[in-house]
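Residue strings, one per chain:
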Amino acid sequence: MKPITFFILMALSSFAFGQNIAGTWFSLGTYETPGGTSSNLVLLPDGFFHVQWDYKGGYVDPLYGWGAYSWDGKQLILQYFNGDKQVYEIRNFSQKGFVMYYAPEGTSWNYTYKGAPVLEEWKKVRLRSESLFYQLTGQWETNGEVFKFLGDGTVFVGKTNQTGTLYNYVVYDNILQIKEITEMGDNFIFETTISDLTAKGLNMTINQNKYYYTFQGNAKLNSQETFLYTQYLNVIHRTSMSIIDGMDGVRDFIWERVDKYGNVKH
């Protein structure tokens, strides 16, 4: 079973033990210091959470985090959908507030209760989208066809035991959309509805036809797919470095493998 999916299932079954911590909680954090941030943490009754960090002065857009949590009355574990995991000790818990202590850094934050755990509609959609996006990570197969989701917005699509084609993918609510790597904008070449997702499989509805895909574990790339994916990452890196160079006016060095004559090896 995939780690993130397993944690989500664990959160759904274990978050209710101990005192009820579901709610909307607010912390000034370092907001009172220059460049500081405040935190708005929503712990939902179904074991999922949303956090928003706001910067002092409002000159920078807020940052958002999404994931699943577990709570045993003493320890709060936040498992972000992107794989990050944070473990906090909760001190002085009451229905009015608590202290969140992070042992590795010896830091703590005071949270006060703001109200019921309520999300705006767009945040509900974003939460469902983020959850599905990361739960898709891995390999799914049906009748000789395979999807290999790499968890970073790229996926190989093709026939089993053959080299697939590399695409970009996005998820909106329960809609999976796939487009060409070089395609800009929202020109998707493939769209399907995802439903009945479990640790064993899922259904994809395409043109009103339903297909069941079974989960095969981590994405297993063949040598050609590994090469194509590595090349793709190299292009993304070079593009990012070029943008940074254009912004700061300084050319950063990019290391390349070359032969004894100085020619770049591809």
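Here the structure is a predicted model, which means the values were calculated and not measured. One numbering rule holds for all chains: residues counted from 1, following each sequence as written. Note on the predicted model: pLDDT of at least 70 is required for a residue's local features to be given, and 80 or more for side-chain atom pairs to be given and counted; whole-chain, interface and lining totals, by contrast, use all residues. The side-chain numbers reported here are obtained from all heavy atoms of the structure, hydrogens and water having been left aside.

Caption draft 1: A look at the overall build of the protein. The helix and strand labels rest on DSSP assignments: H or I over at least four residues marks a helix, E over at least two residues marks a strand, and numbering proceeds from the N terminus. Looking only at helices and strands, the protein features three helices and 16 strands. We call two residues in contact when some of their heavy atoms are within 4.5 Å. Taking all contacts inside the protein whose residues are at least 6 apart in sequence as the whole, residues at least 24 apart take part in 41%. Counting only carbon and sulfur atoms, one obtains 53% of the accessible surface of the protein, whose full area is about 15,700 Å². Accessible surface area values rest on a Shrake-Rupley calculation with a 1.4 Å probe, where residue burial reflects the displayed protein chains alone.

Caption draft 2: Quick look at the confidence of the model for the protein. Summing up the model confidence of the protein, the mean pLDDT is 83 and the portion of residues at 70 or higher is 80%. The predictor attaches a confidence to each residue, and that confidence, scored 0 to 100, is pLDDT. Long-range and interchain partners of residues 240-255, a stretch whose pLDDT sits below 50, account for ten contacts in this model, where long-range means more than four residues apart.

Caption draft 3: Spotlight on the environment of asparagine 218. Here asparagine 218 shows up in the loop between strand S16 (209-215) and helix H3 (223-248). Note on exposure labels: buried denotes an accessible area under 20% of the residue type's maximum, exposed denotes more than 50%, and partly exposed covers the range between, all computed with a 1.4 Å probe on protein chains only. For asparagine 218, a relative accessible area of 61% translates into the label exposed. Distance from asparagine 218 to tryptophan 140, taken between C-alpha atoms, is 9.3 Å for residues 78 residues apart in sequence. Ignoring sequence-local partners within four residues, the contact set of asparagine 218 consists of Gly138 and Gln139.

Caption draft 4: Quick peek at the packing of aromatic side chains. Between 30 and 60 degrees the pair is tilted, below 30 it is stacked and above 60 it is edge-to-face, where a pair is any two Phe, Tyr or Trp rings, Trp via its six-membered ring, whose centres lie within 6.5 Å. Enumeration according to the criterion identifies 20 aromatic pairs in this entry. Look at phenylalanine 149 and tyrosine 169: their rings are 4.9 Å apart centre to centre, the planes differ by 75 degrees, and that puts the pair in the edge-to-face class. Residue phenylalanine 149 is located in strand S10 (residues 145-149), and its partner tyrosine 169 is located in strand S12 (residues 165-172); the two are separated by 20 residues in the primary sequence. When its relative accessible area of 0% is taken as the criterion, phenylalanine 149 is described as buried. Through a chain of ring-to-ring contacts, three or more aromatic side chains come together here, namely Phe133, Tyr134, Phe147, Phe149, Tyr169, Phe190 and Tyr213.

Caption draft 5: View of unusual backbone geometry. Backbone geometry places aspartate 173, a non-glycine residue, at a positive phi of 60 degrees. Note that aspartate 173 resides in the loop between S12 and strand S13 (175-180). Backbone geometry places glutamine 208, a non-glycine residue, at a positive phi of 70 degrees. Mapping glutamine 208 onto the fold places it in the loop between strand S15 (201-206) and S16.

Caption draft 6: Inspection of the sheet that holds strand S3 (residues 48-55) at higher detail. Strand pairing is assigned whenever DSSP identifies at least 2 bridges connecting the two strands. As summarised here, the arrangement of the eight strands in space is S1-S2-S3-S4-S5-S6-S7-S8, forming a closed barrel in which the pairing is antiparallel. Adjacent strand axes in the sheet meet at a mean angle of 35 degrees, parallel and antiparallel pairs treated alike. Alignment of strand S4 (residues 63-71) against strand S5 (residues 75-80), held across five bridges, turns out to be antiparallel. Looking across to S5, one finds that tryptophan 71 is bridged to leucine 76. Interaxial angle, 0 to 180 degrees, is taken between N-to-C directions of lines fitted to C-alpha atoms, where a helix line uses only the stretch in contact.

Caption draft 7: Spatial organisation of the pattern of salt bridges. We define a salt bridge as a side-chain nitrogen of Lys or Arg found within 4 Å of a carboxyl oxygen belonging to Asp or Glu. The tally for this structure, following the rule as stated, stands at six salt bridges. Ionic pairing is found between glutamate 145 and lysine 159, a salt bridge with its closest N-O pair at 3.6 Å. Note that glutamate 145 is positioned in strand S10 and lysine 159 in strand S11 (residues 154-159), a separation of 14 residues in sequence. Note on glutamate 145: relative accessible area 35%, which makes it partly exposed. The partner of lysine 148 in a salt bridge is glutamate 225, with the nearest N and O atoms 2.9 Å apart. Placement of the pair is lysine 148 in strand S10 and glutamate 225 in helix H3, with a sequence separation of 77 residues.

Caption draft 8: Structural view of the nonpolar core. Within this scheme, the nonpolar core is defined by two criteria: the residues are buried Ala, Val, Leu, Ile, Met, Phe, Trp, Tyr or Cys, and they are joined through side-chain atoms within 4.5 Å. Within the largest apolar cluster, 26 residues are counted, with the highest numbers of intra-cluster contacts made by Phe149, Tyr169 and Leu176. Of all the elements in the fold, those that place two or more residues in this core are S4, helix H2 (121-135), S10, S12, S13, S15 and S16. Top contributing element to this core by residue count: H2, with four residues. If you look at the next biggest cluster of nonpolar residues, it comprises 19 residues, including Ile21, Trp71, Tyr80 and Phe93.

Caption draft 9: Quick peek at the sheet that holds S15. Pairing is antiparallel in the closed barrel, where eight strands are placed in the order S9-S10-S11-S12-S13-S14-S15-S16. On average, each strand axis in the sheet is tilted by 35 degrees relative to the strand beside it, whichever way the strands run. Pairing geometry for S10 and S11, over five bridges, is antiparallel. Opposite lysine 148, over in S11, you have phenylalanine 156 as the bridge partner. Against the sheet, H2 touches strand S9 (138-142), S12 and strand S14 (190-195), its axis set at about 150 degrees to S12.

Caption draft 10: The side chain of threonine 192, seen in detail. Structurally, the position occupied by threonine 192 is in strand S14. The class for threonine 192 is buried, based on a relative accessible area of 2%. Polar contact criterion, stated in full: a pair of N or O atoms within 3.5 Å, where within protein one must be able to donate a hydrogen and the other to accept it, and residues adjacent in sequence count only if both atoms are side-chain atoms. Only 3.1 Å separates the side chain of threonine 192 from the backbone oxygen of threonine 205, close enough to count as a polar contact. Here threonine 192 is in contact with Asn174, Ile175, Leu176, Met204, Thr205 and Ile206, once residues within four sequence places are set aside.

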